[in-house]
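# Coordinate analysis (summary)
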Amino acid sequence: MSTKVILDVDTGTDDAVALMCAALHPDLELVAATTVNGNVEVEYCTENSLRVFDHIGKSVPVYEGMSSPIFRADFPVPRQQKANSSQIHGRYLDIPESK
């Protein structure tokens, strides 16, 4: 009998791996994913989660959470980018758009 799981994510690269592992693990049933603000705004996290599931061919419901925290109005904090800094990814993961 598989263990039912819901993941609450701010999908960038690390959470994309977690979503894939949970969705493909034979002992888990990924019931849904919920998204929140993280390193990027919630709408990008939602799209990134949908992209991940499309990419691996799994149908998992994704529910978008609030666009801002209840108690921390200054989030996400604007980040200063240095001229020669590198990011792992921008707002969207580098995989095709979700269907």
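Above this text you will find the structure in question.
Anyway, here's the lowdown on the structure attached to this text. Just so it is clear, the model here is predicted, and its values are computed rather than measured. (Residues numbered from 1 in each chain as written. Predicted model: local features only at pLDDT ≥ 70, side-chain atom pairs only at ≥ 80, totals over all residues. Heavy atoms only, no water.)

## Describing a nonpolar patch on the surface
Judged by side-chain polarity, Met66, Ile70 and Phe71 come together as a nonpolar surface patch covering roughly 440 Å² of accessible area. With respect to the helices and strands, Ile70 occurs in the segment after β3 (62–64). Ile70 gets classed as exposed once you look at its relative accessible area, which sits at 65%. (Patch = residues over 30% accessible without salt bridge, like charges linked within 9 Å, V, L, I, M, F, W, Y side chains within 5 Å. Areas by Shrake-Rupley, 256 points an atom, 1.4 Å probe, with all protein chains shown as cover. Salt bridge = Lys/Arg side-chain N within 4 Å of Asp/Glu carboxyl O. Helix = DSSP H or I, 4+ residues; strand = E, 2+ residues; numbered from the N terminus. Buried < 20%, exposed > 50% of the residue type's maximum accessible area, 1.4 Å probe, protein only.)

## What to know about the sheet that holds strand β1 (residues 3–9)
Taken together, the 3 strands give an open sheet; going across it, the order is β1-β2-β3, and neighbouring strands pair in parallel fashion. Bordering the open sheet on either side are β1 and β3, each of which pairs with just one other strand. Recorded for the sheet is a direction-independent mean angle of 20° between the axes of neighbouring strands. Sheet strands in contact with helix α2 (residues 42–56) are β1, β2 (28–35) and β3, and its direction is about 175° off that of β3. (Pairing = 2+ DSSP bridges. Axes fitted to C-alpha atoms, helices over the stretch in contact; angles between N-to-C directions. Contact = heavy atoms within 4.5 Å.)

## Focus: the pairing of β2
Here β1 runs beside β2; their pairing, made up of 7 bridges, is parallel. Directly across from Asp8, in β2, lies its bridge partner Thr34. Crossover handedness for the path β1 to helix α1 (residues 13–24) to β2: right-handed. For the segment spanning β2, α2 and β3, crossover handedness is right-handed. (Right-handed = clockwise from strand over helix to strand, strands pointing away.)

## Digging into the environment of Pro61
Within the secondary structure, Pro61 sits in the loop between α2 and β3. Apart from the residues within four sequence positions on either side, Pro61 is in contact with Val31, Ala32 and Ala33.

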